[in-house]
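Listed below are the residues making up each chain.
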Amino acid sequence: MNLKEKLNLLEGELTRIESSILRLLRDSNDGFDRDQTAHVLTNLGMCPLQMLLDFYDWATGADENILFNINNQVKLSTIGNPAKVSITTSLYMLDATTDDFFAHRKMLPFIYNGIMEDPILIDLSPKSKTIGALYYYSPQVTLSVDPIMIYDSLELWIDTMLLCYSNGIYSIKPNGMLVADVDKEIKITRKLNPHSIYWD
């Protein structure tokens, strides 16, 4: 099953449990089509990963009001919501010209959970052995200046969400809040993502 088919299954699960998150992730046109996204990533020295382009074909991503709102509980997964291409590339360029915490690694800040300084990064370095993997960057939480792998790949993040939704590990409250059975989520995530030391 390819990623597009998995995303269609995930859409079905979100519809089944009446989650409003997909509407929020598709709420407005970001102004970036597939070719434009690939072009800007290439110009920034990153690999325009097919899976990432497929994801952005499926959903344009969240805006600042959702991404950087610490009180937001409407989420795609427990790690937060993916950012629009315009936001993620702007934050990447900001990092490259200021602190350079992750830009020199060619890691794009992809997902946010309310705090701008704690992104989930996707490895888009053409030279990387872990290209496509997701990393958590939060020195205050992980006590490391190095990003820590949280999902072995973008596709395995999708696989993990699919299992969590289809098995009732993720559910939605009437107010739209995502609720998780954390112990079961960790068990499934560890099984599907054996290289992601975040869950150890």
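Refer to the structure presented above.
Residues numbered from 1 in each chain as written. Predicted model: local features only at pLDDT ≥ 70, side-chain atom pairs only at ≥ 80, totals over all residues. Heavy atoms only, no water.

A. How the structure looks around the nonpolar core. Grouped together as the largest cluster of nonpolar side chains are 55 residues, with contacts concentrated most on Leu52, Phe55, Leu76, Phe110, Ile122, Leu134 and Trp157. The dominant element in this core, judged by the number of residues it contributes, is helix H8 (residues 154-166), at seven residues. Within the second largest apolar cluster, seven residues are counted, among which are Met107, Leu121, Tyr135 and Met149. (Core = buried A, V, L, I, M, F, W, Y, C linked by side-chain atoms within 4.5 Å. Buried < 20%, exposed > 50% of the residue type's maximum accessible area, 1.4 Å probe, protein only. Helix = DSSP H or I, 4+ residues; strand = E, 2+ residues; numbered from the N terminus.)

B. Fine view of the layout of surface pockets. Computed from the structure, the largest pocket encloses a volume of approximately 310 Å³. In terms of lining residues, the largest pocket is bounded by 16 residues, among which Asp99, Phe101, Phe102, Met116 and Glu117 are the most central. Those elements that place two or more of their residues in the lining of the largest pocket are helix H6 (85-97) and helix H7 (139-142). Per element, the largest residue contribution to the lining of the largest pocket is three residues, and it comes from H6. Split by residue class, the lining of the largest pocket holds nine nonpolar, three polar and four charged. (1 Å grid on protein atoms, 1.4 Å probe; cavity = no way out; pocket = protein on both sides within 12 Å on 5 of 7 lines; lining within 4 Å. Points joined across faces, edges and corners; volume = space filled by probe spheres on them. Nonpolar A, V, L, I, M, F, W, Y, C, P; charged D, E, K, R; others polar.)

C. Representation of the side chain of Asp118 within the structure. By secondary structure assignment, the location of Asp118 is in the loop between strand S2 (107-112) and strand S3 (120-123). Side chain to side chain, Asp118 and Ser138 meet in a polar contact 3.0 Å long. Setting aside anything within four residues of it in sequence, one finds Asp118 in contact with Tyr136, Tyr137, Ser138 and Val141. (Polar contact = N/O pair within 3.5 Å; in protein donor to acceptor, adjacent residues only side chain to side chain. Contact = heavy atoms within 4.5 Å.)

D. Region of the structure containing the side chain of Thr160. For Thr160, the location among the structural elements is in helix H8. A relative accessible area of 1% places Thr160 in the buried class. Every residue in contact with Thr160, bar those within four places of it in the chain, is listed here: Tyr151, Ile188, Thr189, Leu192 and Asn193.

E. Representation of the pairing of S2 in the model. Across the six residues that make up S2, a large majority, six, are buried. In terms of strand pairing, strand S1 (residues 81-82) meets S2 through two bridges, oriented antiparallel. Within the sheet, the bridge partner assigned to Pro82 lies in S2 and is Ile111. Direction of pairing for S2 relative to S3: antiparallel, over a ladder of four bridges. (Pairing = 2+ DSSP bridges.)

F. Spotlight on H6. For H6, which comprises 13 residues, the first-to-last C-alpha distance of 18 Å matches the rise-based estimate of 18 Å (1.5 Å per residue) to within 8%. All of the buried residues in H6 are Val85, Ile87, Thr88, Thr89, Leu91, Tyr92 and Asp95. The inward-facing, buried residues of H6 abut helix H3 (34-43), helix H4 (50-58), helix H5 (64-67) and S2. (Expected span 1.5 Å × (residues − 1).)

G. Spatial organisation of the environment of Ser90. With respect to the helices and strands, the residue Ser90 is situated in helix H6. Exposure remark for Ser90: the relative accessible area of 41% places this residue in the partly exposed category. Each C-alpha atom of the pair Ser90 and Pro109 lies 9.6 Å from the other, and the pair is 19 residues apart in sequence.

H. Summary view of unusual backbone geometry. Positive phi, normally seen in glycine, also occurs at Glu18, with a value near 60°. Within the secondary structure layout, Glu18 lies in the loop between helix H1 (3-16) and helix H2 (21-25). Under the relative-accessibility criterion, Glu18 is labelled exposed at 68%. Unlike most non-glycine residues, Asp100 shows phi in positive territory, near 55°. Counting through the fold element by element, Asp100 comes out in the loop between H6 and S2. Judged by relative accessible area, Asp100 falls into the partly exposed class, the value being 30%.

I. Spatial organisation of the pattern of salt bridges. Under the counting rule described, the total for this entry stands at seven salt bridges. The salt bridge involving Glu155 is made with Lys6; its shortest N-O contact spans 2.7 Å. Linking Glu155 in helix H8 with Lys6 in helix H1, this pair joins segments that are 149 residues apart in sequence. On the basis of relative accessibility, which here comes to 12%, the residue Lys6 falls in the buried class. The partner of Glu11 in a salt bridge is Arg26, with the nearest N and O atoms 3.0 Å apart. Of this pair, Glu11 sits in helix H1 while Arg26 sits in the loop between H2 and H3, and the two are 15 residues apart along the sequence. (Salt bridge = Lys/Arg side-chain N within 4 Å of Asp/Glu carboxyl O.)

Nothing here speaks to function; it is geometry throughout.
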